[in-house]
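In case you want the letters, here they are:
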Amino acid sequence: MELTEKQQDLLRMLPGVDHVLELAKSDSFFEKIPKSLRVRCVRSVIETLRNTVFEDSGISAESLSDIPVIEAVKARVNQEMTPNLRRVINATGVVVHTNLGRSLLAEEAVENLLIIASRYSNLEFDLELGKRGSRYSCVENLLCELSGAESAMVVNNNAAAVLLCLETLAKGKKVIVSRGELVEIGGSFRIPDVMAKSGAVLKEVGTTNRTHLRDYAGALEEDTALLLKVHTSNYSVVGFTAEVTLKDMAFLASSRGIPVMNDLGSGTFVDFSRYGMLKEPTVQESVSTGADIVTFSGDKLLGGPQAGIILGKKKLMDSIRKNPLTRALRIDRLTLAALETTLRIYRDPEKAVRVIPTLRMLTCDFRLIEKKAGQLAEMLKGLNDSRVYIQVRGHSSRVGGGALPLQELPSMSVEIRIKNMSVNAVERAMRANMPPVIGRVAEDFFIMDMRTVEADELPVIGTAFETLLKKGLS
Ligand SMILES: *Cc1c(COP(=O)(O)O)cnc(C)c1O
């Protein structure tokens, strides 16, 4: 490629790495920046400038002078110093959003987590006996108390819980599952695949829409180890359907002396139908209905940290606990600290709904969402920019996280359109903001659902738009 004369001039003006590093030496900003990072950022900025000159995208000589170059290096350093895993503002309205971290912890849980993270603890030390104790003891009794189960333990997540239970109770033997419940959760969790990994043999019965008790009864064989009921947590089979209740399955299983396992998926101690929402089977109901083993997630409807909770009959739980896999799937102390505190809150269900963010957002008063929408709309209108068009609209948000798939939650969103900026460019700019604002794009609007936005995040969104309007798209 032939370079123009102007390009050749610009290339000659490009500062050298040593020169820029020398400049950085006299700038206090760089005092605490490790040398290796300084060098890397300087190289990267010069490289970018060189490429820009090659592409001839109208770069000015001025932008190659000392001050703009050092500013660019500072911006690059700031970018490098920011953690890759960072907080975002969830304006999607999806409360249990797996891509955005699922559940936020209650304040009390965060406080306890901080202490346990920064101090030694009795993680595996029995303070009464003065000798080695069990890692799970801090949550075992609480889980039994809340659920009515005989015994409990926790592992890394619910996928691990299902794997561990199947491996312990049914390796090399058959597990009967309805074809209507062969769930895929996304992120590659599929019941048939987990079953295969556990060494258990899947015995499908019934059809996608209809399964009867006689299907289970007819499939029972000498080597059947388990009946498995999987809660269809992220879809619903509607129309001409028949599903065997847990109660009937438990009756059949116990008459043949085999256990029934219930993978609840979300798992909740709160009956959502009491808050005008659809019914989601509770953990207590599953236990009292006769499930011998129940598994569920810690960070879906429960609103705690990522964890897989296993409850059930003592005899089965004892054999699960002895499985060497538990060591590979074990939960860490930070999670345990947050989980224990979250579970303690459930002793007072009214309080749970108030202070556990997932529950609070799901059950929150519509007027509160409406108020936040009004406030944000006012803030954005207050920017007094004639390019901005704002509308506030009612629509429904989702529970997410594979829970209550049919539930529509009446919500409000602030929708924005900016003249001479494509909606995708606006979405990208919001995603690049610090902290990123994650919304939806539809019908040429950038849409922010106020259910999942905290009141103190409204000014942050306001500032993000103010900056975007001032700077334009970069
Ligand atoms: C979500 C879910 C799982 C997986 O739980 P994780 O905690 O994400 O590992 C398993 N089974 C069902 C039915 C689920 O809904």
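Preceding this section is the structure that the text describes.
Only a predicted model underlies this, so the values are computations on that prediction, with no experimental measurement involved.

**Overview of the site of the ligand**
Point 1. Close to the ligand lie 13 residues; A159, S233, D263, S297 and K300 are nearest.
Point 2. R102 places a side-chain nitrogen or oxygen 2.9 Å from an oxygen atom of the ligand.
Point 3. In isolation the ligand exposes 380 Å². Once the protein is present, 95% of that is buried.
Point 4. Of all the secondary structure elements, the ones that give two or more residues to the shell around the ligand are α7 (158–170) and β10 (260–265).
Point 5. Of the residues in the shell around the ligand, the class split is four nonpolar, six polar and three charged.

**Considerations on helix α17 (residues 366–381)**
Point 1. Over its 16 residues, α17 runs 23 Å from end to end, which matches the ideal 22 Å to within 8%, given 1.5 Å per residue.
Point 2. Of the residues making up α17, those classed as buried are I369, K372, A373, L376, A377 and L380. Mapping the buried residues of α17 onto a view down its axis gives an arc of 135°, with all of them on the same face. Looking at α17, the residues exposed on the side facing more than 90 degrees away from the buried face are R367, K371 and E378.
Point 3. Looking at the packing, one finds that the buried side of α17 touches β13 (388–397), β14 (409–418), β17 (445–449) and α19 (458–471).

**Observations concerning the sheet that holds β13**
Point 1. Pairing is antiparallel in the open sheet, where four strands are placed in the order β13-β14-β17-β16. Among the strands making up the open sheet, the edge pair consists of β13 and β16 (440–442). The average undirected angle you get between the axes of adjacent strands in this sheet is 35°.
Point 2. As defined by bridge partners, β14 adjoins β17 across four bridges and the pair is classed as antiparallel. Its bridge partner lying in β17, E415 is registered against I447.
Point 3. Running at roughly 10° to β14, α17 makes contact with β13, β14 and β17 of the sheet.
Point 4. Of the strands in this sheet, β13, β14 and β17 are in contact with α19, which crosses β14 at around 15°.

**Things to note about unusual backbone geometry**
Point 1. Omega for the peptide link from M434 to P435 comes to -5°, which places this bond in the cis form.
Point 2. Inspection of the secondary structure puts P435 in the loop between α18 (423–432) and β15 (437–438).
Point 3. For E443, which is not glycine, the phi dihedral falls at a positive 50°.
Point 4. Structurally, E443 is set in the loop between β16 and β17.

**Describing the environment of T48**
Point 1. Assignment of secondary structure puts T48 in helix α3 (residues 35–55).
Point 2. In this structure, the C-alpha to C-alpha distance between T48 and K173, residues 125 residues apart in sequence, is 60 Å.
Point 3. A polar side-chain atom of T48 sits 2.7 Å from the main-chain carbonyl oxygen of S44.

**Focus: the pairing of strand β4 (residues 151–155)**
Point 1. Burial within β4 is extensive, with five of its five residues counted as buried.
Point 2. Examined bridge by bridge, β4 and strand β12 (residues 308–312) share five bridges and lie antiparallel to one another. Each residue of the ladder has a partner; that of V154, found in β12, is I309.

**Section: the packing of aromatic side chains**
Point 1. One pass over the full model with this rule turns up five aromatic pairs.
Point 2. Between F446 and F465, the ring centres sit 6.4 Å apart and the planes meet at 55°, which makes this aromatic pair tilted. One end of the pair, F446, is in strand β17; the other, F465, is in helix α19, with 19 residues separating them in the sequence. The pair F446 / F465 is uniform in exposure class, with both members buried.
Point 3. Following the ring pairs from residue to residue traces out a cluster consisting of F269, F296 and Y346.
Point 4. Directly above the aromatic system of F240 lies the positively charged group of R210, at a separation of 3.8 Å from the ring centroid.
Point 5. A cation over a ring is seen here: R417 above F445, with NZ or CZ 4.2 Å from the ring centre.

Rules used in this analysis
Residues numbered from 1 in each chain as written. Predicted model: local features only at pLDDT ≥ 70, side-chain atom pairs only at ≥ 80, totals over all residues. Heavy atoms only, no water. Near = heavy atom within 4 Å. Polar contact = N/O pair within 3.5 Å; in protein donor to acceptor, adjacent residues only side chain to side chain. Areas by Shrake-Rupley, 256 points an atom, 1.4 Å probe, with all protein chains shown as cover. Helix = DSSP H or I, 4+ residues; strand = E, 2+ residues; numbered from the N terminus. Nonpolar A, V, L, I, M, F, W, Y, C, P; charged D, E, K, R; others polar. Expected span 1.5 Å × (residues − 1). Buried < 20%, exposed > 50% of the residue type's maximum accessible area, 1.4 Å probe, protein only. Arc of directions from axis to C-beta. Contact = heavy atoms within 4.5 Å. Pairing = 2+ DSSP bridges. Axes fitted to C-alpha atoms, helices over the stretch in contact; angles between N-to-C directions. Phe/Tyr/Trp six-rings, centres within 6.5 Å; stacked < 30°, edge-to-face > 60°. Lys NZ or Arg CZ within 6 Å of the ring centre and 35° of its normal.

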